[in-house]
Structure formats: C-alpha cells, structure tokens
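Spelled out, the chains give:
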Amino acid sequence: MEDFNSETDSDYTSYWRDWFISSRGNEYFCEIDEDYLTDRFNLTGLNTEVAYYQYALDLVTDVFDLDADDDLREQIEKSARHLYGLVHARYIVTTRGLAKMVDKLKRGDFGKCPRVMCEGHPLLPMGQHDTPNMSTVRLYCSRCEDVYHPKSSRHASIDGAYFGTSFHSMLFQVYPALMPEKSIRRYEPRVFGFKVHASAALARWQDQYREDMKTALRDVGVEVKYIEDDSEEDQEEDDDDEPISETKGEEKVIGDAASGRMDLGN
C-alpha cells in the first residue's frame, strides 16, 4: 500500500480494479472507467440487487475505510465483485466499453473456436440471461454462430449476466467490419475415403417421416394402409398397369380424409 500512497490519486483509485482485472479467471473483464463508476445514473437499480451496496461501491472505487472483521470484509468483497460484474454488463455496450472489448477480441483474450472448420476464429463472451444466477458465461463464435463452454473452470464459473445477452450483437452492429464471412465448409462423413451416399440418409428420413405420420393419424383415430413393394414380381405387375401420379394419390388421401372415408385398401 505504501507504493500506491506515493502515486497520484487517480492511480490509487484504480487499485482495486487493477487487482480484479489482473486476477486469474477474470481475463474476460475489461477495466471500467472511474468516471462511469462514480456516475450514479449508471448504477440505477443496483442498490437493491447487491448486499452491502454502499460498502461494495466504496471498495470498488477505493474509498473504503470501514474497520470490519474478516467475515464482514469477505462478504463486502464478494458483493464488490458482484457489483463490478453487473456494472460491467452495462459498461461494455457503451462506446468506450465496446472499444476495450474489441481490443481484447483482437488479442484473442477470450479464446478460439473449438470447431475445426472455423480455423481458430476468436470468440466473444456472452450471457444467455440478463438476470444474475441464471446461467454461466458462454463463448460465441461469429463464424459458425454457435456457443461453447469455456475451457477453464475459472472462466466457466463466471455469471453470464456480467456480459448480458446483447453485447455480442451490439458489437457487430457498431463494428460491422469485424463480422466474418460465414463458413460453408461442412464435415463430410466417409467410408474408406468414399463419401456416404446422400440417398441413404434421405431414405432413412422418409421412413421415419412415414412412421411419424402413421402415429399421428392413429392418435386421431384414422387408420391408413400403405402399399408396400415386397417383391420384384409385384413391381412387374404394377408396371403393366397404368401408372398413378403420386400427386393424385396424395390428393386422394387428403380428399378421403376430409370426407371421412379412409378406405385405401386394394
């Protein structure tokens, strides 16, 4: 503390914030300007959300002079961290706050996207809720537009409300040049170097869709019979007959369903 007493007042008032930002696990946070912290308008409503609000604010702005015991000091310290996080969510959507977060983004302070096809694109912290204690912080990739869990357990325990749900979208509105081109590369499954044929996946989807439609009709009391091609002989016999348009067949089913007649048997 003697070193800080020898410095100017502005340097001394930033002591708690410097300590907080430099602490391990707080790399996602940027330093909030003192003018923003001392403006009561920016703190509107936080006095009802933070315990020991005035003491916590005094600690954050380094004017705390209460001779408190260890237990009370620990509670005030916890409230100060919570208060700083809530103010941080408001600060990073301001012009100055966005500029600081862009600098951290360019330095890669938030990590890189774990998706291989994104080729190490930098991530942004975000919250899934604006209300505290709802969810922890997530990392957003603007290339694949997906969210991920932080790798470090220290970062994974940060409240997502300290960054909010609007920050990452606001940043790209103000800095549209940072929005990357969307990647059209997708992983292609292969067997011994050969691509898996798409018709197989289509056939599985059609079978599943047919079963789902059967179940839905059965739930409403409608029983539908489907003609199955069980053998090649049946196929040859069908070829001799006049072909029936699939569209007309669908119209027949829809028309019979509307009139209450669902006798589609042979």
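Residue numbers run consecutively from 1 along every chain, following the written order of its sequence. Reporting in this predicted model follows two pLDDT cut-offs: at least 70 for local features of residues, and 80 or more for side-chain atom pairs to be given and counted; totals over whole chains, interfaces and linings ignore these cut-offs and use all residues. Where side-chain values are given, they derive from all heavy atoms of the structure, hydrogens and water being excluded.

Draft legend 1. Geometry of helix α7 (residues 95-107). We count a stretch as a helix when DSSP gives it H or I for four or more residues in a row; a strand needs E for two or more, and each element gets its number in order from the N terminus. Every helix has an expected span of 1.5 Å times one less than the residues it contains. If you check α7, its first and last C-alpha atoms are 19 Å apart, about what 13 residues at 1.5 Å a residue would give, namely 18 Å. All of the buried residues along α7 are Gly-97, Leu-98, Lys-100, Met-101, Val-102, Lys-104 and Leu-105. The contact criterion used is simple: two residues touch if any of their non-hydrogen atoms lie within 4.5 Å. Taken together, the buried residues of α7 touch α6 (70-91), β1 (123-126) and α9 (167-174). Directly after α7, the chain includes Gly-108, whose backbone phi takes a positive value near 75°. Relative accessibility under 20% of the residue-type maximum defines a buried residue, over 50% an exposed one, and the middle range a partly exposed one, all with a 1.4 Å probe and only protein chains included.

Draft legend 2. Just unusual backbone geometry, in detail. Even without a glycine there, the phi angle at Asp-62 is positive, about 60°. In this fold, Asp-62 is placed in the loop between α5 (53-60) and α6. Asp-62 gets classed as buried once you look at its relative accessible area, which sits at 14%. The backbone phi angle of Glu-119 is positive, close to 55°, even though this residue is not glycine. In this structure, Glu-119 sits in the loop between α7 and β1.

Draft legend 3. Quick look at the side chain of Asp-58. Note that Asp-58 resides in helix α5. Of the side chains with opposite charge, Arg-40 comes closest to the buried, unpaired Asp-58, at an N-O distance of 5.9 Å. If we skip the residues at most four places from it in the chain, Asp-58 touches Val-63 and Phe-64. Charge assignment in this entry is limited to Lys and Arg as positive and Asp and Glu as negative, and neither His nor the chain termini are counted. Salt bridge, as used here, is a side-chain nitrogen of Lys or Arg placed within 4 Å of a carboxyl oxygen of Asp or Glu.

Draft legend 4. Summary view of the packing of α7 against α9. Axes here refer to lines fitted to C-alpha atoms; in helices the fit is confined to the stretch in contact. Angles between the N-to-C directions go from 0 to 180 degrees. It is the contact of α7 with α9, at a shortest axis distance of 11 Å, that shows an interaxial angle of 95°. In terms of orientation, α7 and α9 fall into the roughly perpendicular class. Counting all contacts with α7, which are made through Leu-98, Met-101 and Val-102, the residues of α9 involved are Phe-167, Met-170, Leu-171 and Val-174. Each residue is assigned to one class: nonpolar for Ala, Val, Leu, Ile, Met, Phe, Trp, Tyr, Cys and Pro, charged for Asp, Glu, Lys and Arg, and polar for all the others, Gly among them. Of the residues contributing to the contact of α7 with α9, the split by class is seven nonpolar, no polar and no charged. Small angles under 35 degrees read as roughly parallel and large ones over 145 as roughly antiparallel, with 65 to 115 read as roughly perpendicular and the rest as oblique.

Draft legend 5. Examining the side chain of Asn-26 more closely. You can see Asn-26 is positioned in the loop between α3 (15-22) and α4 (34-38). The class for Asn-26 is buried, based on a relative accessible area of 14%.

Draft legend 6. View of the state of the cysteines. In what follows, a disulfide is any cysteine sulfur pair within 2.5 Å. Across all of its chains, the model carries zero disulfides by this definition. The thiol sulfur of Cys-113 is not disulfide-bonded, and the nearest other cysteine sulfur, from Cys-141, lies at 3.6 Å. Of all cysteine sulfurs, the one in Cys-144 lies closest to Cys-118, which takes part in no disulfide; the gap is 3.7 Å.

Geometric descriptors of this kind do not, in isolation, establish any biological role.
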